[in-house]
Amino acid sequence: VKDWIDEKICELSNNKPSNCQTTPDEEVDVEVVILTDQYPTETSWVLTDSAGVEIEKVEQYTYTKVQTEYTHELKLKDGATYTFAIRDSYGDGICCGVNGDGSYTVKAGDSVLASGGEFLDTENKTFVVGKEPHVQNCTDKTDTFAVSTSVGEQTCEWLNDNFDRYGFLCEFLDVAYTCPETCGA
């Protein structure tokens, strides 16, 4: 029976435990938006994966228009970790003061993964695509909900402490209603 339960957890859960066999990674549409400053040719950037493999880059002198927005559309693996590194060759960043109000934003839909503009020569931001951080502070209702005959009735605090294994329970309306903070509702 335990094997069947584990199999169903892996099959139906959006928050699969680490012992589940993985399927090929889905891709997420990601945009890199650069608003240039008064010296756009000084700006370059590179996006690398967690192994340091270059995914996309823009060389110095690519951007030529002052105070102009450039958008780059990418497809990145859901759940993967990336690092966005932006460089200003003069060493005064792309924002604020006499340099203009340049900025950068890396986003997936409405979710901002990295952003900034005030830095000196380089700035690195590491992020995970498509994954929102799990809320660790559980202040949900004090009601309980049934998990299974072997686990019994549990609380939101228990779900928060065991979210890696049982986070899929948030897909059930009674659990999502009882534990809206833990479930990210």
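Residues numbered from 1 in each chain as written. Predicted model: local features only at pLDDT ≥ 70, side-chain atom pairs only at ≥ 80, totals over all residues. Heavy atoms only, no water.

Trainee: Account for the pairing of strand 9 (residues 145–148), naming residues and giving values.
Mentor: Where strand 9 lies against strand 10 (residues 152–154), three bridges are found, and the strand directions are antiparallel. Residue pairing in the sheet places phenylalanine 145 in a bridge with glutamine 154 of strand 10. Linking two consecutive strands that pair antiparallel, namely strand 9 and strand 10, is a turn of three residues. (Pairing = 2+ DSSP bridges. Helix = DSSP H or I, 4+ residues; strand = E, 2+ residues; numbered from the N terminus.)

Trainee: Any chance you could break down the sheet that holds strand 2 (residues 43–49) for me, citing the residues and the numbers?
Mentor: Read from one edge to the other, the open sheet built from four strands follows the order 3-2-5-8, with strand pairing classed as antiparallel. The two strands at the open ends of the sheet, each matched to only one other strand, are strand 3 (54–58) and strand 8 (122–128). Pairs of neighbouring strands in the sheet enclose a mean axial angle of 15 degrees, with direction left out of account. In terms of strand pairing, strand 2 meets strand 3 through four bridges, oriented antiparallel. Of the residues in strand 3, the one forming a bridge with valine 46 is lysine 57. (Axes fitted to C-alpha atoms, helices over the stretch in contact; angles between N-to-C directions.)

Trainee: Tell me about unusual backbone geometry, and please be specific about residues and values.
Mentor: A positive phi is found at tyrosine 61, a non-glycine position, where the angle reads about 75 degrees. Among the secondary structure elements, tyrosine 61 is positioned in the loop between strand 3 and strand 4 (69–77). In this model, glutamine 67 sits at a positive phi of 50 degrees, which is unusual for a non-glycine residue. Along the polypeptide, glutamine 67 turns up in the loop between strand 3 and strand 4. Under the relative-accessibility criterion, glutamine 67 is labelled partly exposed at 33%. (Buried < 20%, exposed > 50% of the residue type's maximum accessible area, 1.4 Å probe, protein only.)

Trainee: Mind laying out the nonpolar core, listing which residues take part and the relevant values?
Mentor: Residues Trp45, Phe84 and Phe127 are the most contacted members of the largest nonpolar core, which totals 23 residues. If one sorts the elements of this core by residue count, strand 1 (residues 27–35) sits on top with four residues. Discounting chain neighbours no more than four positions away, the residues touching phenylalanine 84 are Val32, Ile34, Trp45, Val46, Leu47, Tyr104, Val106, Glu123, Asn124, Lys125 and Phe127. Judged by nonpolar contacts, the second largest core, of 12 residues, contains Cys156, Tyr166, Phe168 and Cys170. (Core = buried A, V, L, I, M, F, W, Y, C linked by side-chain atoms within 4.5 Å. Contact = heavy atoms within 4.5 Å.)

Trainee: Which residues make up the packing of aromatic side chains, and what are the values?
Mentor: Think of a pair of aromatic rings as described by two things: how far the centres are apart, and how the planes are tilted against each other in angle. Taken as a whole and assessed by the stated rule, the structure comprises six aromatic pairs. Between the aromatic rings of tryptophan 158 and tyrosine 166, the centroid separation amounts to 4.9 Å while the plane-to-plane angle is 45 degrees, which identifies the pairing as tilted. The class of tyrosine 166 is buried, set by a relative accessible area of 15%. An aromatic cluster is present here, built from Trp45, Phe84 and Tyr104 joined pairwise through their rings. Positioned above the aromatic ring of tyrosine 166 is the side chain of arginine 165, whose terminal nitrogen or guanidinium carbon lies 5.7 Å from the ring centre. (Phe/Tyr/Trp six-rings, centres within 6.5 Å; stacked < 30°, edge-to-face > 60°. Lys NZ or Arg CZ within 6 Å of the ring centre and 35° of its normal.)

Take it as geometry only, folks, not as evidence of what the structure does.
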